[in-house]
Amino acid sequence: MEYKKILFEIVDNVAIIRLNDPAVLNAFDLTLTHELDAAIDRAANSARAMIITSVGRAFSAGANLSGDLGDADESGEVDAGSVLETTINPLMVKLSRLPIPFITAVRGAAAGVGCSLALSADIIVASETAYFLQAFAKIGLVPDGGSSWLLMRAIGRVRAMEMMLLAERLPAAKALEWGLVTRVTSDEELESTALDLARQLASGPTRSLGMIRETAWAAADKDWIDALATERRLQKDAGRTKDNQEGISAFMEKRAPVFTGA
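Residues numbered from 1 in each chain as written. Predicted model: local features only at pLDDT ≥ 70, side-chain atom pairs only at ≥ 80, totals over all residues. Heavy atoms only, no water.

Topic: the overall build of the chain
Working step 1: Scanning the chain from terminus to terminus reveals 9 helices and 11 strands.
Working step 2: In terms of overall dimensions, the chain is globule-like: its C-alpha atoms have a radius of gyration of 19 Å, near the 18 Å expected for 262 residues.
Working step 3: Principal-axis analysis of the C-alpha atoms places the extent of the chain at approximately 65 × 45 × 40 Å.
Working step 4: Classification of the 262 residues of the chain by burial places 46% in the buried group. (Helix = DSSP H or I, 4+ residues; strand = E, 2+ residues; numbered from the N terminus. Rg over C-alpha atoms; globule rule 2.2 N^0.38 Å. Buried < 20%, exposed > 50% of the residue type's maximum accessible area, 1.4 Å probe, protein only.)

Written as structure tokens, this is what we have:
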């Protein structure tokens with residue numbers, strides 16, 4: 001597939017997806033969204049870990065407000081939520097169900113749905129120039145792309161409400177202090193740091209890591225008993241993988257395991 005607004009490559013079993021529309025700060029429109037969706041499918045089927053990052057000085061400025069903001073509803077008025085239902089929300093669900101671990105490498109602005117994309121990753125690496133912004137209150141809209149859910153669970157109600165209501169930039173250093181990101185690097189080291197982490201994940205027990213993702217996403221919304229049941233179900237599956245056999249053998253033989261993703 002040829003892309004107009006993203007770049008795709010695989011390095012050492014790591015799929016690297018770069019948002020590539022720097023003229024508009026990688027703002028989301030239908031083309032970028034559809035291409036990103038297709039690239040995520042491609043990564044899931046051809047790699048053992050994934051990085052989403054960007055070209056230019058911003059990760060993503062959010063939705064492209066100069067584009068189509070929604071379809072008309074029965075009354076003839078624009079429904080600003082329609083594009084969420086048809087494109088953005090399915091994309092975010094797909095990311096939560098991804099069978100491989102993934103990392104976001106964030107520089108510059110991660111605003112609106114771009115913030116949601118950045119925060120949906122398993123590991124979030126931010127450069128010193130990165131900042132996270134929920135600007136919806138400034139244009140009379142509400143947070144979308146799952147950002148309300150992600151923020152509440154990552155930093156708690158009080159800090160999430162401050163971000164959403166005041167619509168102020170949260171710089172990388174404070175995001176690290178609040179627990180919103182995993183680590184902060186220089187701009188120059190951002191992608192190399194993310195790739196080192198992704199290589200580590202790509203050399204791991206891929207199916208097990210996918211199941212860890214499933215348990216973590218389930219635990220965020222389930223009660224204690226349901227979480228235990230999910231762990232029990234997935235442990236059965238994990239225990240039947242070749243990587244589990246290799247991991248136990250390597251432990252007993254006091255050597256480093258060689259995982260194949262099987």
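Past the structure itself, the notes keep going.
Some thoughts on a nonpolar patch on the surface
Working step 1: A surface patch of nonpolar side chains, amounting to about 280 Å² of accessible area, comprises L65, I139 and L141.
Working step 2: Looking at where L65 falls in the secondary structure, it is placed in the loop between β3 (49-54) and β4 (71-72).
Working step 3: Using a relative accessible area of 52% as the deciding quantity, one classes L65 as exposed. (Patch = residues over 30% accessible without salt bridge, like charges linked within 9 Å, V, L, I, M, F, W, Y side chains within 5 Å. Areas by Shrake-Rupley, 256 points an atom, 1.4 Å probe, with all protein chains shown as cover. Salt bridge = Lys/Arg side-chain N within 4 Å of Asp/Glu carboxyl O.)

Some points on the side chain of D29
Working step 1: Relative to the assigned elements, D29 resides in the loop between β2 (14-19) and α1 (30-46).
Working step 2: Within the local environment of D29, its side chain forms a polar contact with the backbone nitrogen of T31, the two atoms lying 3.2 Å apart.
Working step 3: Those residues in contact with D29 that lie beyond four places of it in its chain are K5 and N64. (Polar contact = N/O pair within 3.5 Å; in protein donor to acceptor, adjacent residues only side chain to side chain. Contact = heavy atoms within 4.5 Å.)

Let's talk about the sheet that holds strand β1 (residues 6-11)
Working step 1: Strands sit in the order β1-β2-β3-β6-β8-β11 across an open sheet of 6 strands; the sheet is mixed. Edge positions in the open sheet fall to β1 and β11 (183-185), since each of these has one partner strand only. Adjacent strand axes in the sheet meet at a mean angle of 20°, parallel and antiparallel pairs treated alike.
Working step 2: By the bridge criterion, 3 bridges tie β3 to strand β6 (residues 102-106) in an arrangement that is parallel. (Pairing = 2+ DSSP bridges. Axes fitted to C-alpha atoms, helices over the stretch in contact; angles between N-to-C directions.)

Quick word on the sheet that holds strand β7 (residues 109-111)
Through backbone hydrogen bonds, the strands of a sheet pair up, either in parallel or in antiparallel fashion.
Working step 1: The sheet built from 3 strands is open, its strands ordered β7-β9-β10 with mixed pairing. Each edge of the open sheet carries a strand with a single partner, namely β7 and β10 (170-171).
Working step 2: Across 3 bridges, β7 lies against strand β9 (residues 131-133) in parallel orientation. Bridge pairing in β9 links A109 to Y131.

Points about the environment of L150
Working step 1: Within the fold, L150 resides in helix α4 (residues 147-166).
Working step 2: Apart from residues lying up to four places away in sequence, L150 is in contact with S116, L119, S120, G145 and W217.

A word on the packing of α1 against helix α2 (residues 82-96)
Working step 1: Two elements in contact, α1 and α2, have axes whose closest approach is 11 Å; the angle formed by their N-to-C orientations is 25°. The orientation of α1 relative to α2 falls into the category roughly parallel. For the pair α1 and α2, the crossing hand works out as left-handed. Seen from α1, the contacting residues are L30, T33, H34, L36, D37, I40 and D41; seen from α2, they are V83, T87, I88, L91, K94 and L95.
Working step 2: Taken together, the residues of the contact of α1 with α2 break down into 7 nonpolar, 3 polar and 3 charged. (Parallel < 35°, antiparallel > 145°, perpendicular 65-115°, else oblique. Left-handed = near helix turned anticlockwise from the far one by under 90°. Nonpolar A, V, L, I, M, F, W, Y, C, P; charged D, E, K, R; others polar.)

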